[in-house]
Amino acid sequence: MTKTILYLSPYFWPEEIGSAPYCTDLARYLQGAGHRLHTIAFRPHYPTAENFRAWSDGSRDEETFEDIKVSRIGVSERGAGGFKERVKNDIRFVISVCRKALLGRFSRPDVVIAYVPSILTVFAALLVKLTSGAQVLTIVHDIESGLARSLGIAKNPLILRMMERVESFVLNRSDRVVVLTEGMKSELEKIGCTSPIDVISIWASPASESPIPAHPPALMYSGNFGKKQNLDQLLPLIKRLSLERADIKVVMQGDGSEKERIVRLFQQAGVTNTRFAPLVDADKFVPSLQAATLHMVPQALDVANYALPSKLFSIMAAGRPYVCIAETGSPLDVLTQRSGAGICVAPGDEDGLFEAVTSLLDSKDELSRKGENGRTFVAECMNKQTIMNQYLALIGKA
């Protein structure tokens, strides 16, 4: 049965990192399955607006992408004004969606899909539900109260408790909630979420095989330069490598609000073995990952149950091993053990991190084995068609 879907996805095509590629893929799949989608999104700006100047003046605020109607909302660039500016952006998004709903700017939907990294998006979905009777499916990519606490963004206990209450309030008025890991499900239940929660992984597709370039060994970080990654914790490792293993070259690839500070930090530390590079275009992304021998996947302390780094699955799909930094028993640690694609090191274990990286780089057989383990895990456990069909079944029930 064809359904009309209002798709509230602040981050969407043409953005190529973070949530946007997954939000876009699901929209394309649902549209291809015969449903009618109208996406409301910010003007593309993540991790920086530099590559999206064609959208910045508002001339493309109404457009079509692969038969999906897309409406854009103006936004301040990430990193401009910090947490307060991000909240302002989220409020602007909610107000704009509500105004469009009240003015009848989109067809009466059967289903509203609301993406969270911003819990405020769900408020707009609930207003649409109130006026149309639509079912609300909320997909949680980040648990904001947990991230705010772990990253020190909000330190006042009253503010943190208020954030939790807002999350539980709107999630309990959603008809169904989707999270990425069992850990995220557990955290939502702890703050009082009683709506049905489905755990549906994000997906990946194995890339074509490519031999791992072992000589000279190249260690890479690729992704967003933000607080969730806590890239400061890589500095002791990279500085020690520059002193003891000059043969290992390091590439830090990506952009984000923390990049300028991280570059200055490395310069002040006298690190000479590291090259900083910008994000690459989508068609060059997988080859850029495969140019590395080994990848680093750092995560800030205590955020493991609140967000999952999507870069990990791209690395595994590319057939490259990784070393991640995360707590024992965290979703990252569990995934690493299940897949056999990498090594997980506890935060603060600088000697253990150095040993994990150097021992892997010195073992061509182990590099190849873990790289192939990652590709196999992606093929068997993260099949895109299977996961998309899970979403299609949820839409069918709505």
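The structure displayed is predicted, hence computed values, not measured ones.

1. With respect to the pairing of strand E4 (residues 68-73)
- For E4, the tally of buried residues reaches five of six residues, placing the bulk of the element in the interior.
- Inspection of the sheet shows strand E2 (residues 36-42) paired to E4 by five bridges, in the parallel sense. Each bridged residue has a counterpart across the sheet, and for His-38 the counterpart in E4 is Lys-69.
- Both strand E3 (residues 62-65) and E4 contribute to a ladder of four bridges, which runs antiparallel. Across the sheet, residue Glu-62 finds its bridge partner in E4, namely Ser-71.
- Once E3 ends, the chain turns through two residues before running back antiparallel as E4, passing Glu-66 with a positive phi of about 50°.

2. With respect to empty space enclosed by the protein
- In this structure the tally under the stated criterion is one cavity of 30 Å³ or more.
- Its boundaries defined by the atoms lining it, the largest cavity holds a volume of some 40 Å³.
- Every residue along the wall of the largest cavity is listed here: Tyr-22, Leu-26, Tyr-115, Ile-139, His-141, Ile-202, Trp-203 and Tyr-391.
- Each residue belonging to the lining of the largest cavity can be placed in one class, and the counts come to seven nonpolar, one polar and no charged.

3. With respect to helix H8 (residues 235-244)
- Those residues of H8 that fall on the buried side of the exposure criterion are Leu-235, Leu-237, Ile-238, Leu-241 and Ser-242. The buried residues of H8 occupy an angular sector of 165° when the element is viewed end-on, so they sit on one face.
- If you follow the buried residues of H8, they end up packed against strand E9 (218-222), strand E10 (249-253), helix H9 (259-268), strand E11 (274-277), strand E12 (294-298) and helix H13 (350-361).

4. Focus on the side chain of Arg-375
- Mapped onto the elements of the fold, Arg-375 is located in helix H14 (residues 364-381).
- What makes Arg-375 buried here is its relative accessible area of 15%.

Thresholds, definitions, all that
Residues numbered from 1 in each chain as written. Predicted model: local features only at pLDDT ≥ 70, side-chain atom pairs only at ≥ 80, totals over all residues. Heavy atoms only, no water. Buried < 20%, exposed > 50% of the residue type's maximum accessible area, 1.4 Å probe, protein only. Helix = DSSP H or I, 4+ residues; strand = E, 2+ residues; numbered from the N terminus. Pairing = 2+ DSSP bridges. 1 Å grid on protein atoms, 1.4 Å probe; cavity = no way out; pocket = protein on both sides within 12 Å on 5 of 7 lines; lining within 4 Å. Points joined across faces, edges and corners; volume = space filled by probe spheres on them. Nonpolar A, V, L, I, M, F, W, Y, C, P; charged D, E, K, R; others polar. Arc of directions from axis to C-beta. Contact = heavy atoms within 4.5 Å.

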